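Spelled out from the first residue to the last, the chains are:
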Amino acid sequence: MARSTKFIFITGGVVSSIGKGLSSACIGALLEARGLKVTAMKLDPYINVDPGTMSPIQHGEVFVTDDGAETDLDLGHYERFMNVTMSKLNNFTTGQVYETVIANERRGDYLGGTVQVIPHVTDEIKRRIREGANGFDICLVEIGGTVGDIESLPFLEAIRQMRLEVGPQNAIFIHVTLVPYIAASQEFKTKPTQHSVKELLGFGIVPNVVICRSEEPIDSKLKKKISLFCNVAENCVINAPDVGTIYELPLVFESEGLDDRIVESLNIWTGSPNLSPWNKIVKSVVEPKRGKVTIAMVGKYVELVESYKSLTEALQHGAIANDCALEIVYIDSEEIEKTSVESVIGSQTIDAILIPGGFGSRGSEGKILAAKYARERKIPYFGICLGLQIAVIEFARNVAGIEGATSTEFNPDSEHKVIDFMESQRAVSRKGGSMRLGAYPCVLQPGSLVHKLYGSKEISERHRHRYEVNNTYRKQLTDAGLVTSGVSPDDSLVEMIELKSHPWFVGVQFHPEFKSSPKNPHPLFKGFISAALSFRDKRNSSEKVTYSQSSDPTSLAVGQ
Ligand code: GLN
């Protein structure tokens, strides 16, 4: 008989954004390190049906799966920490649940019965959980928001019912809570935790484990207090203090005995976890041997810090692969427009320039100037999605002589839209909408830089964009020296570009950051950071030359 899946339900208390997603991902990593087959799901109680349309500033990055689902960024944590591929089954919202229930009702599936939150909405939640869990030893189910939010109630009710249905040895509850430090009295306070667990108890959920997020580890006296007031065993009160690198968290949890407690409660017998990959990763982040690289990330300032989680992590993975430390300098492209690229980027010591994905025309001219600066000075350049489009526009204007070249997104009325909406894309668009979403194959040009980096001829990467390189201009651009190093198998879409006369200038129409993990750093990020290191070393050794000839900008080139 096939083994049935065991469930770990994770709730959060006191405040949001305390790292429930990260905690879930690390639990998954620990259980995988014990040889178990683990998956994870994120249940979002908000009403939106489509997380893809939510503002990244309000809600953080939109994470894209192979099957083209636009999901919560926690799925990115799951993929980075675990060897699992997420799909549209791994994330759903209240809006999606209601959409199904209402569609069922319209079809007459409920045979005229009264449709209610219990059982119809909770049944649909449980059905979706089972669907996502199918085939795994363990399914982690993270409930978004905090206990006590009105919209979380059906989800809490559904997981309460599920434990009753599958039995206590097949499902446990873990509550992640905040233990704040009050500086004035110099002590940690457990009262918010007590209150949030009490709230949980009110819904019929008794947590098996309480994970305490705090600035520093809390001592055994406080653990005892939480145990007593929250009705959890003392060894099930787990410390989750702030850590230097998030990749340390699996090790912290293991030393707190969290995975031991989980397998005991779920009655699973495994060997001890193999944590050597995590030890190695942490060592290279904490004690890098090759110094530091500084990457300038150019974009709209407000979006830069919060909405590029996968990207900043992928850069970190590239640094891990090169055994160096990483510093990211955020550059506001509108600032470049207001002043000059020299004063904004040139005034800083940077080893590479990256233009990430983005939407809208604001700041685009500043980004184009940054791409030109990287091209001319032979600074390693990595353009991701919008960053490829920017590089193509810059090349079209300043090398191929296509005056006023731009994107339909920036100016739909302009004459030379080198980035445009392609008919062939409309044909392959799977969702009926206008975005190309999810995994698409790409064929690499033999001998190109990207071919060397990937080490294979055909790859698959995830997309999330509307516009493409306009094929009308392709010949003109390639004649002028642009290399289309990656194309769709039928050659109808440009997926990657590079420049021959530059040490490392790569643009990709997809989002490689979604497929990078600390255990498997993505080849493009590995290559980009390595190029930044070479640039840094050459700059350091030729510093004198650079400054003495600063009147001629081309002589600043040090990467060739
Ligand atoms: N705005 C561009 C497009 O829609 C790029 C999107 C992106 O960078 N993800 O094509």
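In this text the structure is predicted, and so the values were computed from the model without any measurement.

Calculation criteria
Residues numbered from 1 in each chain as written. Predicted model: local features only at pLDDT ≥ 70, side-chain atom pairs only at ≥ 80, totals over all residues. Heavy atoms only, no water. Helix = DSSP H or I, 4+ residues; strand = E, 2+ residues; numbered from the N terminus. Contact = heavy atoms within 4.5 Å. Near = heavy atom within 4 Å. Polar contact = N/O pair within 3.5 Å; in protein donor to acceptor, adjacent residues only side chain to side chain. Areas by Shrake-Rupley, 256 points an atom, 1.4 Å probe, with all protein chains shown as cover. Nonpolar A, V, L, I, M, F, W, Y, C, P; charged D, E, K, R; others polar. Expected span 1.5 Å × (residues − 1). Buried < 20%, exposed > 50% of the residue type's maximum accessible area, 1.4 Å probe, protein only. Pairing = 2+ DSSP bridges. Axes fitted to C-alpha atoms, helices over the stretch in contact; angles between N-to-C directions. Salt bridge = Lys/Arg side-chain N within 4 Å of Asp/Glu carboxyl O. Patch = residues over 30% accessible without salt bridge, like charges linked within 9 Å, V, L, I, M, F, W, Y side chains within 5 Å. Lys, Arg positive; Asp, Glu negative; His and termini not counted. Charge placed at Lys NZ, Arg CZ, Asp CG, Glu CD. Parallel < 35°, antiparallel > 145°, perpendicular 65-115°, else oblique. Left-handed = near helix turned anticlockwise from the far one by under 90°. Phe/Tyr/Trp six-rings, centres within 6.5 Å; stacked < 30°, edge-to-face > 60°.

Participant: Help me get a handle on the side chain of histidine 317, residues and values and all.
Facilitator: Tracing the chain through its elements places histidine 317 in helix α13 (residues 309–321). Non-local contacts of histidine 317, meaning those with residues more than four positions away in its chain, are made with Arg80, Tyr247, Ser516, Ser517, Pro518 and Pro521.

Participant: Residue-level account of the site of the ligand, with values.
Facilitator: Around the ligand, the neighbouring residues are Gly357, Gly358, Phe359, Cys385, Leu386, Gln389, Glu409, Arg464, His465, Arg466, Tyr467 and His511. A distance of 3.1 Å is found between a nitrogen atom of the ligand and a side-chain nitrogen or oxygen belonging to histidine 511. Considered on its own, the ligand offers 290 Å² of accessible surface; in the complex 99% of this is hidden by protein. Within the residue set of the shell around the ligand, elements represented by two or more residues are α17 (386–398) and β19 (458–465). Residues belonging to the shell around the ligand are distributed by class as follows: 4 nonpolar, 5 polar and 3 charged.

Participant: Tell me about helix α21 (residues 523–541), and name the residues and values.
Facilitator: Residues lying three or four places apart along an α-helix face the same way, a consequence of the helix completing one turn every 3.6 residues. In this model, α21 (19 residues) spans 27 Å end to end at C-alpha, consistent with the 27 Å of a helix rising 1.5 Å per residue. The set of residues buried in α21 consists of Leu524, Phe525, Gly527, Phe528, Ile529, Ala531, Ala532, Leu533, Phe535, Arg536 and Arg539.

Participant: Give a description of the sheet that holds strand β20 (residues 468–469) that names residues and reports values.
Facilitator: The strand order β16-β17-β20 describes an open sheet built from 3 strands, whose pairing is mixed. Of all the strands in the sheet, the pair left with one neighbour each is β16 (406–407) and β20. Where strand β17 (residues 417–420) and β20 come together, 2 bridges link them in antiparallel fashion. If you follow aspartate 420 over to β20, its bridge partner there is glutamate 468. Contacts between α17 and the sheet are confined to β16, β17 and β20, with β17 contributing the most and set at about 165° to the helix.

Participant: So, the pattern of salt bridges: which residues are in play, and what are the values?
Facilitator: According to the stated counting rule, one finds 39 salt bridges in the structure shown. Between aspartate 351 and arginine 539 there is a salt bridge, with the nearest N and O atoms lying 2.8 Å from each other. In this pair, aspartate 351 is assigned in the loop between α15 (341–346) and β14 (352–355) and arginine 539 in helix α21, connecting sequence segments 188 residues apart. With respect to class, aspartate 351 is no different from arginine 539; both count as buried. Across the salt bridge formed by glutamate 365 and arginine 397, the nearest N and O atoms sit 2.9 Å from each other. Of the two residues, glutamate 365 sits in helix α16 (residues 364–376) while arginine 397 sits in helix α17, which places them 32 residues apart along the sequence.

Participant: Explain a positive patch on the surface to me, using residue names and the numbers behind them.
Facilitator: Among the surface-exposed residues, Lys191, Lys198, Lys221 and Lys225 lie close enough to one another that they form a single positively charged patch. At the level of secondary structure, the elements contributing two or more residues to the positive patch comprise α7 (191–202) and α8 (220–230). Among the structural elements, lysine 191 can be located in helix α7.

Participant: Describe in detail the packing of α7 against α8, supporting the description with residues and values.
Facilitator: Running from N to C, α7 and α8 cross one another at 25°; their axes reach a closest spacing of 10 Å. The pairing of α7 with α8 is recorded here as roughly parallel in orientation. Between α7 and α8 the crossing geometry is right-handed. For the pair formed by α7 and α8, the contact residues are Thr193, Gln194 and Val197 on the first element and Lys225, Ile226, Phe229 and Cys230 on the second. When the residues that make up the contact of α7 with α8 are grouped by side-chain class, the tally is 4 nonpolar, 2 polar and 1 charged.

Participant: So what's going on with the packing of helix α1 (residues 20–32) against helix α3 (residues 74–81)? Residues and values would help.
Facilitator: Packing of α1 against α3 brings their axes to within 8 Å, and their N-to-C directions diverge by 25°. Classified by the angle their axes make, α1 and α3 are roughly parallel. For the crossing formed where α1 meets α3, the hand is right-handed. On α3, the residues touching Gly21, Leu22, Ser24, Ala25, Cys26, Ala29 and Glu32 of α1 are Asp74, His77, Tyr78 and Phe81. Taken together, the residues that form the contact of α1 with α3 break down as 6 nonpolar, 3 polar and 2 charged.

Participant: Run through the sheet that holds strand β13 (residues 325–332), naming residues and quoting values.
Facilitator: Reading across from one edge, β13-β12-β14-β15-β23-β22-β21-β18-β19 is the order of the 9 strands in this open sheet, with mixed pairing throughout. At either margin of the open sheet sits one strand with a lone partner, and together these are β13 and β19. For this sheet the average axis-to-axis angle between neighbouring strands, irrespective of direction, equals 25°. As paired elements, strand β12 (residues 292–299) and β14 share 3 bridges and run parallel to each other. What sits directly across from alanine 296, in β14, is isoleucine 353. In the packing of α21 onto the sheet, the strands contacted are β12, β13, β14, β15 (381–384), β22 (494–499) and β23 (505–508), and the crossing angle to β12 comes to about 115°.

Participant: Lay out the pairing of strand β1 (residues 6–12) in plain terms, naming residues and giving numbers.
Facilitator: Summarising burial for β1: 7 of the 7 residues are buried, a large majority. Neither face of β1 is left uncovered, since the one carrying Lys6, Ile8, Ile10 and Gly12 and the one carrying Phe7, Phe9 and Thr11 both have all their residues buried. Pairing geometry for β1 and strand β7 (residues 171–178), over 6 bridges, is parallel. Note that in β7 the partner of phenylalanine 7 across the bridge is alanine 171.

Participant: Describe the packing of aromatic side chains, naming the residues involved and giving the relevant values.
Facilitator: Applying the stated criterion to the full structure yields 14 aromatic pairs. Taken together, a centroid distance of 4.4 Å and an interplanar angle of 15° make the contact between tyrosine 381 and phenylalanine 505 stacked. Residue tyrosine 381 is located in strand β15, and its partner phenylalanine 505 is located in strand β23; the two are separated by 124 residues in the primary sequence. Assessed through its relative accessible area of 3%, phenylalanine 505 is described here as buried. Centre to centre, the rings of phenylalanine 382 and tryptophan 504 are 5.5 Å apart; their planes meet at 80°, and the pair counts as edge-to-face. With phenylalanine 382 in strand β15 and tryptophan 504 in the loop between β22 and β23, this pair connects stretches of sequence that are 122 residues apart. Judged by its relative accessible area of 4%, tryptophan 504 is buried. Through a chain of ring-to-ring contacts, the aromatic side chains of Phe382, Trp504, Phe525 and Phe528 assemble into a single cluster.

Participant: An account of unusual backbone geometry is needed here, citing residue identities and associated values.
Facilitator: Cis geometry is adopted by the peptide bond preceding proline 119, which originates at isoleucine 118 and carries an omega value of 15°. Along the chain, proline 119 falls in helix α5 (residues 117–133). Its identity is not glycine, yet lysine 378 carries a phi of approximately 55°, on the positive side. Of note, lysine 378 is situated in the loop between α16 and β15.

Participant: So what about helix α10 (residues 258–265)? Which residues, and what values?
Facilitator: Those residues of α10 that sit buried are Leu258, Asp259, Arg261, Ile262 and Val263. On its buried side, α10 packs onto β1, α1, β7, β10 (209–214), β11 (237–241) and α9 (249–255). At the exit of α10 stands asparagine 267, carrying a positive phi of roughly 55°.

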